[in-house]
Amino acid sequence: TTKIFVGIALFVLVVGPTGFILSFGAEGIGTYLTNFFSLSLFTGSAAGDDWPQKWTIFYWANWMAWAPITAMFLGRIGYGYTVREFVLFNWIVPALFGAIWMTIFSGTALHMEQNAEGPALYSLLQASGPESVVYGILSSFPLATPFIVLFVVTSFLSYVTAADSNTRAMGGISTTGISPESPEPGALIKAIWGVTVGAVAWFMVSQGGIEGIKTLSQLGGLPALFLIVAVTVAVVRVGANPKRYLGKVDAQPAASGEQP
């Protein structure tokens, strides 16, 4: 799916307003670097602006709610790799791709809206919600129908992959006997977590829509915050005195001709 998403981004970049997207991206980088600290600490209280609560604080809570499970998953797939490789492929590369993806699609959307190209995206946003805007953008390109089908199928596969990874991580912390040699939890516990998460998500979406999911994420972020603080303190204590908490590991001499 990663290669398909890269192909979709390149297709939009080439077929869309390439010059505007590149100029828009450069300007965005400058604005981001210039206003990083002011926007990071902006609360909106003085101006009566509720944007930080609807966007920044919501995403903080959402990330904290998923941080423990995501950390378990990343820890599992990172086993056997160096710290440099882990940071590069799990933090830096995804963040860069996310920035490039948002630059391409947001630049295309702004150019279409400013020049009245394709459907009226703002009207589409007001009428059908934010998830409909991407289909409005894709519908203005050549081969729109098969391209939209490809986008939907790839998004579905991406969601299923993420859901499967998270159920494995949740199953791993809900059972015993997990080790690097036997990292998989039992099928039953994975099925229980999968059905539970799916049922809760369906109920919240059907009853409260996207706002219901946001509320659930914010509620989950609060207890996760205390868990993250406790884990951080534990990591600092273990790092300061590893022998006390991990025990003394006897180094095994390397065989002749092997690297230690």
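Read on for a plain summary of the structure. All of these numbers come straight from a predicted model, not from anything done at the bench.

1. Describing the overall build of the protein
In step 1: When helices and strands are tallied, the protein shows 10 helices and 0 strands.
In step 2: Ordered by position from the N terminus, the helices and strands of the protein form the series α-α-α-α-α-α-α-α-α-α.
In step 3: Along the first, second and third principal axes, the C-alpha set of the protein runs to 70 × 50 × 45 Å.
In step 4: Taking all 260 residues of the protein together, 20% fall into the buried category.
In step 5: Within the protein, residue pairs in contact and separated by at least 24 positions form 56% of the contacts whose partners lie at least 6 positions apart.
In step 6: Split by element, the accessible area of the protein, about 18,000 Å² in all, is 70% carbon and sulfur.
In step 7: Placing the 11 positive and 13 negative side-chain charges of the protein at their respective mean positions leaves the two points 15 Å apart.

2. As for the layout of surface pockets
Over the atoms, a rolling probe the size of a water molecule traces out where space has been left empty.
In step 1: Roughly 300 Å³ of internal volume is contained in the second largest pocket.
In step 2: As for the second largest pocket, its lining consists of 16 residues, of which Met72, Gly75, Arg76, Ile77 and Pro183 are closest to the centre.
In step 3: Those elements that place two or more of their residues in the lining of the second largest pocket are helix H4 (56-77) and helix H8 (144-172).
In step 4: Here the lining of the second largest pocket gets 5 residues from one element, more than from any other, and that element is H4.
In step 5: Taken together, the residues of the lining of the second largest pocket break down into 9 nonpolar, 4 polar and 3 charged.

3. Focus on a nonpolar patch on the surface
In step 1: Residues Leu88, Phe89, Trp91, Ile92, Val93, Leu96 and Ile100 make up a contiguous nonpolar surface patch of roughly 690 Å² in combined accessible area.
In step 2: When you line up the elements, valine 93 lands in helix H5 (residues 83-114).

4. Some points on the packing of aromatic side chains
In step 1: Throughout the structure, instances matching the rule amount to 10 aromatic pairs.
In step 2: Measuring from ring centre to ring centre gives 5.9 Å for phenylalanine 97 and tryptophan 101, while their planes differ by 45 degrees; the resulting arrangement is tilted. In this pair, phenylalanine 97 and tryptophan 101 are both assigned in helix H5, 4 residues apart and thus about one turn of the helix distant.
In step 3: Look at phenylalanine 97 and you get partly exposed, because its relative accessible area is 31%.
In step 4: Using a relative accessible area of 19% as the deciding quantity, one classes tryptophan 101 as buried.
In step 5: Three or more aromatic residues joined by ring pairs make a cluster, and in this case those are Phe5, Phe97, Trp101 and Phe105.

5. Side note on the environment of arginine 76
In step 1: Its location among the elements puts arginine 76 in helix H4.
In step 2: In this structure arginine 76 comes out as partly exposed when scored by relative accessible area, which is 28%.
In step 3: C-alpha separation for the pair arginine 76 and glutamate 184, spaced 108 residues apart in sequence, amounts to 9.9 Å.
In step 4: If we ignore the near neighbours within four places in the chain, the residues touching arginine 76 are Arg168, Ala169, Pro183 and Glu184.

6. Thoughts on the packing of H4 against H8
In step 1: The contact between H4 and H8 brings their axes to 9 Å, and the two run at 95 degrees. In terms of orientation, H4 and H8 fall into the roughly perpendicular class. Here Trp66, Ile69, Met72, Phe73 and Arg76 of H4 come into contact with H8, specifically with Ser165, Asn166, Arg168, Ala169 and Met170.
In step 2: Here the contact of H4 with H8 is composed, by residue class, of 6 nonpolar, 2 polar and 2 charged.

What counts and what doesn't
- Residues numbered from 1 in each chain as written.
- Predicted model: local features only at pLDDT ≥ 70, side-chain atom pairs only at ≥ 80, totals over all residues.
- Heavy atoms only, no water.
- Helix = DSSP H or I, 4+ residues; strand = E, 2+ residues; numbered from the N terminus.
- Buried < 20%, exposed > 50% of the residue type's maximum accessible area, 1.4 Å probe, protein only.
- Contact = heavy atoms within 4.5 Å.
- Areas by Shrake-Rupley, 256 points an atom, 1.4 Å probe, with all protein chains shown as cover.
- Lys, Arg positive; Asp, Glu negative; His and termini not counted.
- Charge placed at Lys NZ, Arg CZ, Asp CG, Glu CD.
- 1 Å grid on protein atoms, 1.4 Å probe; cavity = no way out; pocket = protein on both sides within 12 Å on 5 of 7 lines; lining within 4 Å.
- Points joined across faces, edges and corners; volume = space filled by probe spheres on them.
- Nonpolar A, V, L, I, M, F, W, Y, C, P; charged D, E, K, R; others polar.
- Patch = residues over 30% accessible without salt bridge, like charges linked within 9 Å, V, L, I, M, F, W, Y side chains within 5 Å.
- Salt bridge = Lys/Arg side-chain N within 4 Å of Asp/Glu carboxyl O.
- Phe/Tyr/Trp six-rings, centres within 6.5 Å; stacked < 30°, edge-to-face > 60°.
- Axes fitted to C-alpha atoms, helices over the stretch in contact; angles between N-to-C directions.
- Parallel < 35°, antiparallel > 145°, perpendicular 65-115°, else oblique.

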